[in-house]
Amino acid sequence: MRYPDAYDLKSFYNSIQGRIVRRIIRDKVLSLWPDTKALNILGFGYAVPYLKPFLEGSERTANIMPSQLGVHHWPEGEENLVTISAEHSIPLETNSVDRIIAVHTLEFLETPNGTFEELWRVLKSNGRLILIVPNRLGLWARVDSSPFGQGQPYSTKQVESFLRDNLFVHESTEGALFTPPFKTGFLFRAADVFEKIGRTIFPALGGVQVIEVSKQIYAGKGRLATAKVKKKVVPVKPVPTRRDLLDS
């Protein structure tokens, strides 16, 4: 499975389509987590479009990108808060993160069980994880120009079952991105209308599913007891990607 390039995703989120996606999904995440004061927030995959609201007020905010994705500096013009790691070896202490936002991950992962075992390990016992995945019934999964139209498709029940098998407790599943994937500024003005109508009339046809889970402790004591403490994150310079080498 080809992982998208970090710079390809950056370009998408700078486009009209991407800005609409960012606003709609970010609002959904903020509605689930309205108060993250003094919490440690981790983005995994390509979550930087959704992390900006957490930079102020949260204790710490960072994004880890899997090595297949590559990496770029973020936030622009400020101290870098992004690092890179193998998808199955997250360089964080056990029980060190309060909230995790995982996006552009599951549908591209080569070893999803190993990756989510790591996410389970670093999440605190009272922590929460939001997984944003393409809905294969939605229109966005049928558009190749969108990252939500790439990777391994999953149904909502398959994702919920996968998370349950990896010792997460399902809290909620909500559809989002009912706005059609058109490349026009008109959608900026009409997006809220599409979202409201879609949630009411076609709740199963959102472009993505926003799934919130918590950490299941009682069935995971053995996993927690045997988990090795990983090294703390050390700030690193962005690793050159294929595009960087060509541009140079």
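Residues numbered from 1 in each chain as written. Predicted model: local features only at pLDDT ≥ 70, side-chain atom pairs only at ≥ 80, totals over all residues. Heavy atoms only, no water.

Undergrad: What is the right way to look at the packing of helix α1 (residues 6-14) against helix α2 (residues 16-32) in this model?
TA: Relative placement of two packed helices is described by the angle separating their axes and the distance separating the axes. At a minimum axis distance of 4 Å, the contact between α1 and α2 shows a crossing angle of 85 degrees. With respect to α2, the axis of α1 lies roughly perpendicular. Taking contact as the criterion, the partners of F12, Y13 and N14 in α1 are, on α2, I16, Q17, G18, R19, V21 and R22. Taken together, the residues that form the contact of α1 with α2 break down as 4 nonpolar, 3 polar and 2 charged. (Axes fitted to C-alpha atoms, helices over the stretch in contact; angles between N-to-C directions. Helix = DSSP H or I, 4+ residues; strand = E, 2+ residues; numbered from the N terminus. Parallel < 35°, antiparallel > 145°, perpendicular 65-115°, else oblique. Contact = heavy atoms within 4.5 Å. Nonpolar A, V, L, I, M, F, W, Y, C, P; charged D, E, K, R; others polar.)

Undergrad: What should I look at first to understand helix α4 (residues 156-165) in this one?
TA: Residue pairs spaced three or four apart in an α-helix point in one direction, given the helix's 3.6 residues per turn. Listed as buried for α4 are V159, F162 and L163. The arc that holds every buried residue of α4, seen down its axis, measures 95 degrees, which confines them to one face. Summarising the geometry of α4, the exposed residues directed more than 90 degrees from the buried face are K157 and D165. Buried positions along α4 lie against α3 (112-122), β5 (123-134), β6 (168-176) and β7 (208-215). A positive phi of about 70 degrees marks L167, the residue just after α4. (Buried < 20%, exposed > 50% of the residue type's maximum accessible area, 1.4 Å probe, protein only. Arc of directions from axis to C-beta.)

Undergrad: When you look at the pairing of strand β4 (residues 97-103) in this model, what are you seeing that I'm missing?
TA: The two faces of a sheet get side chains in turn, since along a regular strand they alternate between them. Within β4, 7 of the 7 residues are buried, which leaves the element mostly enclosed by the surrounding structure. The pairing of strand β1 (residues 40-45) with β4 spans 5 bridges and is classified as parallel. Counterpart to G45 in the pairing with β4 is V103. Pairing of β4 with β5, which is carried by 6 bridges, proceeds in the parallel orientation. Bridging from a neighbouring strand, A102 pairs with L131 of β5. Where the polypeptide runs from β4 across α3 and back to β5, its parallel neighbour, the crossover connection is right-handed. (Pairing = 2+ DSSP bridges. Right-handed = clockwise from strand over helix to strand, strands pointing away.)

Undergrad: What is the right way to read the packing of aromatic side chains from this model?
TA: Two measures describe an aromatic ring pair: the distance that separates the ring centres and the angle between the ring planes. As enumerated under the stated definition, the model contains 5 aromatic pairs in all. Taking 5.1 Å as the distance between ring centres and 80 degrees as the angle between the ring planes, the aromatic pair formed by F12 and Y13 counts as edge-to-face. Y13 matches F12 in its accessibility class, with the two residues each being buried. A centroid spacing of 6.0 Å and a plane angle of 20 degrees characterise the contact between Y13 and Y46, whose relative ring orientation is stacked. Remark: Y46 occurs in the loop between β1 and β2 (60-66) and Y13 occurs in helix α1; sequence separation between them is 33 residues. By relative accessible area, which is 2% here, Y46 ends up buried. Taken together through their ring pairs, the aromatic side chains of F12, Y13, Y46 and Y50 make up a single cluster. The positively charged end of R99 is found above the aromatic ring belonging to W33, 5.6 Å away from the centroid. (Phe/Tyr/Trp six-rings, centres within 6.5 Å; stacked < 30°, edge-to-face > 60°. Lys NZ or Arg CZ within 6 Å of the ring centre and 35° of its normal.)

Undergrad: When you look at the pairing of β1 in this model, what are you seeing that I'm missing?
TA: Most of β1 is tucked away: 6 of the 6 residues are buried. Two elements, β1 and β2, share 5 bridges in a ladder whose sense is parallel. When the sheet's bridge partners are listed, F44 is paired in β2 with I64.

Undergrad: Looking at this model, I keep getting lost on the environment of E76. Mind explaining?
TA: Its place among the elements puts E76 in the loop between β2 and β3 (82-85). At a separation of 3.0 Å, a polar atom in the side chain of E76 contacts the side chain of K10. (Polar contact = N/O pair within 3.5 Å; in protein donor to acceptor, adjacent residues only side chain to side chain.)

Undergrad: Just to check I follow, could you spell out the confidence of the model for the chain for this structure?
TA: Residues shown with low pLDDT carry predicted positions that ought not to be read at fine detail. With 85% of its residues at a pLDDT of 70 or more, the chain has an overall mean of 85. Least confident of the elements in the chain is helix α7 (residues 242-247), whose mean pLDDT is 44; most confident is β4, at 98. Across residues 224-236 the pLDDT falls below 50, and counting only partners more than four positions away or on other chains, this stretch makes 29 contacts in the model. Low confidence marks residues 239-246, where pLDDT is under 50. Its contacts with residues over four positions away, or in another chain, come to 14 contacts. (pLDDT = per-residue confidence, 0-100.)

Undergrad: Can you help me understand unusual backbone geometry in this one?
TA: Peptide bonds are, in most cases, trans, and in most cases residues other than glycine have a negative phi. Of the consecutive residues W74 and P75, the connecting peptide bond is found in the cis state with omega at -5 degrees. When you line up the elements, P75 lands in the loop between β2 and β3. You will see that L167, though not glycine, has its phi angle at about 70 degrees, which is positive. Of note, L167 is situated in the loop between α4 and β6. In this model, L177 sits at a positive phi of 65 degrees, which is unusual for a non-glycine residue.

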